[in-house]
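Analysis of the macromolecular model
Chain by chain, the residues:
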Amino acid sequence: MIGLMFISVSELRVVLLGNSWSQRSSVGNLILRAAVFNTEEEADCCQRVRGQLKEKHIVLVNTPDLLLPDISEHKLTEHVETCVRLCDPGPHVFLLVLQPEDFTEEQKERLQSILENFSDQSFDHSLVLISTPREERAGSMEKHVQHPPLKDMISKCRSRLLWRGNLEDLFTHVDVMVKENNGVHVSCEVFEDATSVFSGGHQGEGASVIQDPGKGAGPHHFLPGPLHSTRNLLSFPLCKLSCS
């Protein structure tokens, strides 16, 4: 049974970060059991989806590729500020969806900088999810974990690590982390001015799409079906995608 208690929060806010838009989007779609994120076409904006897990509300914020080497500091700051606004008053979880083979030292440093820009509390609220399929041969998992940039990032995230084959434990891991943080969300103090400017009930500019929950997660998911056991636990009376 997947842990879906989140006793200490009525609304769980999760930010998806990482080095692959398609895999971040696939993880988000599987969590919500609906094809709310387009895995084929990368958006140049942050996207927010609201849904429900049993009686608990969940907000997922998917980010564009913030780890690109040629992204300008201005654009990066703009995306982070937008992300802060979309998860106001602050995220409970940063889910770092990473491909170990493609995760470079430069990307690690950029990702650390992004998390630090959110808050110095961010690493206490971060979980690394390895998205690349594990190879069948013995020792492959250990090899991936020992990949220096990934190893450093896992260490920064208090050794919180989840493999794609263990996705049935995702909510349990998140629940434990939320409880360890006493249900407190990250306070994005650096961007308080930005959130105050954009607050006041405004839900974001750009596309607002009502998804059909009956369509499922689509054919493009890279992850297998451990989360399928949540089918009877998830409810989507309304799923809204906000893009800014």
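Please read these numbers as outputs of a predicted model, since none were measured by experiment.

Here we take up the overall build of the protein. For the protein, the helix and strand inventory stands at seven helices and eight strands. When each of the 244 residues of the protein is scored for burial, the buried share is 53%. Carbon and sulfur atoms make up 48% of the accessible area of the protein, which amounts to about 11000 Å² in all.

With their axes 9 Å apart at the nearest point, helix 3 (residues 105-118) and helix 5 (residues 148-156) run at an angle of 20° to one another. Here helix 3 lies roughly parallel to helix 5, going by the angle between them. In this structure, the crossing between helix 3 and helix 5 has a hand that is right-handed. For the pair helix 3 and helix 5, the contacting residues are Glu105, Lys108, Leu111, Gln112 and Glu116 in the first and Pro149, Asp152, Met153 and Lys156 in the second. Considered class by class, the residues forming the contact of helix 3 with helix 5 number three nonpolar, one polar and five charged.

Moving on: unusual backbone geometry. For the bond running from Asp88 to Pro89, omega is 10°, close enough to zero to count as cis. Its location among the elements puts Pro89 in the loop between helix 2 (73-86) and strand 4 (93-98). Of note in the backbone geometry, Ser159 takes a positive phi value of approximately 60° without being a glycine. Within the secondary structure, Ser159 sits in the loop between helix 5 and strand 6 (161-163). Judged by its relative accessible area of 56%, Ser159 falls in the exposed class.

To continue, consider the pairing of strand 5 (residues 126-130). With five of five residues buried, strand 5 lies mostly within the body of the structure. By the alternation rule, side chains of strand 5 split into Ser126, Val128 and Ile130 and Leu127 and Leu129, which are all buried. Bridge analysis of strand 4 against strand 5 gives five bridges, and the strand direction is parallel. Across the sheet, the residue bridging to Val97 is Leu129, located in strand 5. The handedness of the strand 4 to strand 5 crossover, carried by helix 3, is right-handed. Of the strand pairs in this sheet, strand 5 and strand 6 are connected by three bridges, and their pairing is parallel. Counted as the bridge partner of Ile130 is Trp163 from strand 6.

A few words on the nonpolar core. The tendency in soluble globular proteins is for nonpolar side chains to be buried as a group. Core analysis: the largest hydrophobic core is formed by 32 residues, its most contacted members being Leu96, Leu111, Val128 and Met153. Secondary structure elements with two or more residues in this core: strand 1 (11-18), strand 3 (56-62), helix 2, strand 4, helix 3, strand 5 and helix 5. Tallying contributions element by element places helix 2 first for this core, with five residues. With sequence-adjacent residues up to four places away left out, Leu96 is seen in contact with Leu17, Leu111, Leu115, Ser126, Leu127, Val128, Leu129, Met153 and Cys157. Membership of the second largest hydrophobic core comes to 25 residues, among which are Leu12, Ala34, Val49 and Leu53.

On to empty space enclosed by the protein, then. In this structure the tally under the stated criterion is one cavity of 30 Å³ or more. There is about 70 Å³ of room inside the largest cavity. Lining of the largest cavity is provided by 10 residues; of these, Val14, Ile31, Leu170, Phe171 and Val174 occupy positions nearest its centre. Among the elements of the structure, strand 1, strand 4 and helix 6 (170-180) are those that each provide at least two residues to the lining of the largest cavity. The dominant element in the lining of the largest cavity, judged by the number of residues it contributes, is helix 6, at three residues. Here the lining of the largest cavity is composed, by residue class, of 10 nonpolar, no polar and no charged.

Before going further, it helps to spend a moment on the pattern of salt bridges. Throughout the structure, instances matching the rule amount to nine salt bridges. As a salt-bridge pair, Asp44 and Lys75 come within 3.8 Å of each other at their nearest N and O atoms. Of this pair, Asp44 sits in the loop between helix 1 (21-32) and strand 2 (47-53) while Lys75 sits in helix 2, placing them 31 residues apart in sequence. In this structure, the salt-bridge partner of Asp175 is Lys179, at a minimum N-O distance of 3.2 Å. With Asp175 and Lys179 both in helix 6 and four residues apart, this pair spans about one turn of that helix. The class for Asp175 is buried, based on a relative accessible area of 6%.

Each value, and the rule that gives it
- Residues numbered from 1 in each chain as written.
- Predicted model: local features only at pLDDT ≥ 70, side-chain atom pairs only at ≥ 80, totals over all residues.
- Heavy atoms only, no water.
- Helix = DSSP H or I, 4+ residues; strand = E, 2+ residues; numbered from the N terminus.
- Buried < 20%, exposed > 50% of the residue type's maximum accessible area, 1.4 Å probe, protein only.
- Areas by Shrake-Rupley, 256 points an atom, 1.4 Å probe, with all protein chains shown as cover.
- Axes fitted to C-alpha atoms, helices over the stretch in contact; angles between N-to-C directions.
- Parallel < 35°, antiparallel > 145°, perpendicular 65-115°, else oblique.
- Left-handed = near helix turned anticlockwise from the far one by under 90°.
- Contact = heavy atoms within 4.5 Å.
- Nonpolar A, V, L, I, M, F, W, Y, C, P; charged D, E, K, R; others polar.
- Pairing = 2+ DSSP bridges.
- Right-handed = clockwise from strand over helix to strand, strands pointing away.
- Core = buried A, V, L, I, M, F, W, Y, C linked by side-chain atoms within 4.5 Å.
- 1 Å grid on protein atoms, 1.4 Å probe; cavity = no way out; pocket = protein on both sides within 12 Å on 5 of 7 lines; lining within 4 Å.
- Points joined across faces, edges and corners; volume = space filled by probe spheres on them.
- Salt bridge = Lys/Arg side-chain N within 4 Å of Asp/Glu carboxyl O.

Shape is all these values report; function is a separate question.
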